[in-house]
Number of protein chains: 2
Amino acid sequence: MTRTQFAKRASVEQVEEGRQLAPKFDEHGLLPVVTTDAESGDVLMLGYMNAEALAKSIETGEAHYWSRSRQSLWHKGATSGLTQRIVELRIDDDQDAVWLRVKVAGSGASCHVGYKSCFYRAVPTGRTPSPDLELEFREQEKTFDPEEVYGDAPNPTRL
Amino acid sequence: MTRTQFAKRASVEQVEEGRQLAPKFDEHGLLPVVTTDAESGDVLMLGYMNAEALAKSIETGEAHYWSRSRQSLWHKGATSGLTQRIVELRIDDDQDAVWLRVKVAGSGASCHVGYKSCFYRAVPTGRTPSPDLELEFREQEKTFDPEEVYGDAPNPTRL
């Protein structure tokens, strides 16, 4: 259905230099999506879209992803209220990745752990990594209590 | 070899709330990497790292990726001179994605097509997508001539 909403990939020139949206999905039918806060520029999360999620995002102006843990279309914020309004949607050179600049509703958080950004920890650089390397927290406080918001819903993190 | 440089994934709590770097690579041994310009905040590219590329990036403070088209370790800028010095390296909640904030050498470009960012085109939102939708260019000029820089090297874009 939705694949016909996009152009066919005909040449490298069309894909890189043209004005047609001809996205490339991987072997699972997905492409990675970088989502940044339109105001601060911070990377909030890295998600995935299938053709339907991409079409819905374009059509509605609200971020839709494909949830790999739940294997279903995911209207971000449907449970938590933390929806993401799309300020700008960009596609990359070979059209296999998307960049969303968004404005998040409510507390502005996008991470299920409770932080604003999923990338709340930094890795120190400049020495060979070893198991005793220590991550540094870049956000000091959670903006919401995940148990309050998600209740008994299973944690999406997989080992 | 390099996998032993990282901690073992033992629990969701360790991975999400802890200070150990215990990255999760996908079935191809890769994790996606968002690279942003540390100054402008713009997303420059979306790449991939295997364990070796992650270890090298941490150790040297210069961005290393895994090139999926060449199937080899890729020291970004080795050919073009446009190396990426890592200002900050972050890991996400479930540790299967990396965010690099970088300072790019030379002209500041990161895209093989010649633009600063690989995401040089925007997709208009607010209507159902169809093949006649027109992408909008967000960068007006290329910062370098790809032919001059890469010569006869094969274009990494795959249809």
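Please refer to the structure placed before this passage.
Positions within a chain are numbered from 1, following the residues in the order the chain's sequence is written. Working convention: letters from A go to chains and numbers from 1 go to ligands, in the order in which they are written. Per-residue local features of the predicted model are confined to residues with pLDDT of at least 70, and side-chain atom pairs are confined, for both listing and counting, to 80 or more; whole-chain, interface and lining totals are unaffected and use all residues. Here the side-chain values reflect all heavy atoms present in the structure, with hydrogen atoms and water set aside.

A. Local environment of the overall build of chain A. Counting secondary structure elements, chain A contains 3 helices and 8 strands. Each residue is placed in one exposure class: buried if its accessible area under a 1.4 Å probe, protein chains only, is under 20% of its type's maximum, exposed if it is over 50%, and partly exposed if it falls in between. Buried residues in chain A amount to 54% of all 159 residues. Look at the contacts in chain A between residues 6 or more apart in sequence, and 44% of them connect residues 24 or more apart. The protein chains shown are the only cover counted for residues, whose accessible areas, like all others here, come from Shrake-Rupley with a 1.4 Å probe. Split by element, the accessible area of chain A, about 7300 Å² in all, is 46% carbon and sulfur. Each charge class in chain A can be summarised by its mean position, and for the 19 positive and 25 negative side chains these summaries are 3 Å apart. Strands here mean DSSP runs of E at least two residues long; helices mean DSSP runs of H or I at least four residues long; both are numbered from the N terminus. Two residues qualify as a contact provided that any one of their heavy atoms is within 4.5 Å of a heavy atom in the partner residue. In this charge count, Lys and Arg are treated as positive and Asp and Glu as negative; neither His nor the chain ends contribute. The atom standing in for a charge is NZ when the residue is Lys, CZ when it is Arg, CG when it is Asp and CD when it is Glu.

B. Examining the interface of chain B and chain A more closely. On the side of chain A, 74 residues touch chain B, which itself brings 74 residues to the contact. Buried area: the sum, over both parts, of the accessible surface (1.4 Å probe) that disappears when the two are put together. Overall, the association of chain B and chain A removes approximately 6300 Å² of surface from exposure, summing both partners, and the carbon and sulfur fraction of that is 55%. The rule for a salt bridge is simple: a side-chain nitrogen of Lys or Arg has to be within 4 Å of a carboxyl oxygen of Asp or Glu. Here chain B and chain A share 6 salt bridges between them. Of the charged contacts, one joins Glu17(A) and Lys142(B) as a salt bridge, the two residues approaching to 2.8 Å between their closest N and O atoms. The definition of a polar contact used here is a pair of N or O atoms within 3.5 Å, where within protein one atom must be able to donate a hydrogen and the other to accept one, and adjacent residues in sequence count solely through side-chain atom pairs. Summed over the shared surface of chain B and chain A, the result is 50 residue pairs in polar contact (both at pLDDT 80 or more). For the side of chain B that touches chain A, the secondary-structure elements that each account for two or more residues are helix 1 (12–17), strand 1 (31–37), strand 2 (43–49), helix 2 (51–60), strand 5 (84–91), strand 6 (98–104), strand 7 (121–122) and strand 8 (136–137) of chain B. Of the residues belonging to the side of chain B that touches chain A, the class tally is 34 nonpolar, 18 polar and 22 charged. By the convention adopted, Pro, Cys, Tyr, Trp, Phe, Met, Ile, Leu, Val and Ala count as nonpolar, Lys, Arg, Asp and Glu as charged, and the other residues, Gly among them, as polar.

C. Highlighting the packing of aromatic side chains. We call Phe, Tyr and Trp rings a pair once their centres come within 6.5 Å, taking the six-membered ring for Trp, and we label the pair stacked below 30 degrees between planes, edge-to-face above 60, and tilted otherwise. Tallying each qualifying case throughout the model produces 14 aromatic pairs over all chains. Taking 6.5 Å as the distance between ring centres and 50° as the angle between the ring planes, the aromatic pair formed by Tyr115(A) and Phe137(A) counts as tilted. Of this pair, Tyr115(A) sits in the loop between strand 6 (98–104) and strand 7 (121–122) while Phe137(A) is found in strand 8 (residues 136–137), placing the two residues 22 residues apart along the sequence. An angle of 45° between the planes, with centres 5.3 Å apart, marks the rings of Tyr65(B) and Trp74(B) as tilted.

D. Representation of the sheet that holds strand 7 of chain B. Pairing between strands is defined by DSSP: at least two bridges between the two strands are required. The 6 strands lie next to each other as 2(A)-1(A)-6(A)-5(A)-7(B)-8(B), forming an open sheet whose pairing is mixed. Each of the sheet's edge strands pairs with one partner strand only, and the pair in question is strand 2 (43–49) of chain A together with strand 8 of chain B. In this structure, strand 5 (residues 84–91) of chain A lies alongside strand 7 of chain B, joined through 2 bridges in antiparallel fashion. Among the inter-strand pairings, Arg90(A) is bridged to a residue of strand 7 of chain B, identified as Ala122(B). Each of strand 2, strand 5 and strand 6 of chain A touches helix 2 (residues 51–60) of chain A; the most contacted strand, strand 2 of chain A, lies at about 125° to it. Inter-axis angles, ranging from 0 to 180 degrees, are taken between N-to-C directions of lines fitted to C-alpha atoms, where helices are fitted over the stretch in contact.

E. Quick look at the sheet that holds strand 1 of chain B. Spatially, 8(A)-7(A)-5(B)-6(B)-1(B)-2(B) is the arrangement adopted by the 6 strands of the open sheet, whose pairing is mixed. With one partner strand each, in any of the chains shown, strand 8 of chain A together with strand 2 of chain B form the two edges of the open sheet. Bridge count between strand 5 of chain B and strand 6 of chain B: 7 bridges; the pairing is antiparallel. Note on strand 6 of chain B: the bridge partner recorded for Gln84(B) is Val104(B).

F. Quick look at the pattern of salt bridges. For the structure shown, the criterion picks out 14 salt bridges over all chains. With its nearest N and O atoms 2.4 Å apart, the salt bridge here joins Arg138(A) to Glu88(B). With Arg138(A) in the loop between strand 8 and helix 3 (146–150) and Glu88(B) in strand 5, this pair bridges two chains. For Glu88(B), a relative accessible area of 9% puts it in the buried group. One salt-bridge network, in which partners are shared between bridges, spans Glu88(A), Arg90(A), Arg101(A), Glu136(B) and Arg138(B).

G. Just the environment of Asp145(B), in detail. As for its placement among the helices and strands, Asp145(B) is situated in the loop between strand 8 and helix 3 (146–150). Take Asp145(B): its relative accessible area is 39%, and that puts it in the partly exposed class.

H. Region of the structure containing the relation of the copies chain B and chain A. By a simple turn and slide, chain B fits onto chain A: the slide is 0.0 Å along the axis, the RMSD is 0.0 Å, and the turn is 180°. On the angle and the small slide along the axis, the relation comes out as a two-fold axis. Residue Gly41(B) of chain B places its C-alpha closer to the rotation axis than any other residue of that unit, at 2.6 Å. A shared interface surface links the copies, since 100% of the contact residues of chain B are contact residues in chain A too. Superposition of the copies was done by least squares, using only C-alpha atoms of residues whose pLDDT is at least 70 in both.

I. Highlighting the state of the cysteines. Residues and elements named next belong to chain A. Criterion for a disulfide: a pair of cysteine sulfur atoms at a distance within 2.5 Å. One pass over the structure, following the stated rule, counts 0 disulfides over all chains. With no disulfide of its own, Cys111 lies closest to Cys118 among cysteine sulfurs, the gap being 3.9 Å. Residue classification places Cys111 among the buried positions, given a relative accessible area of 0%.

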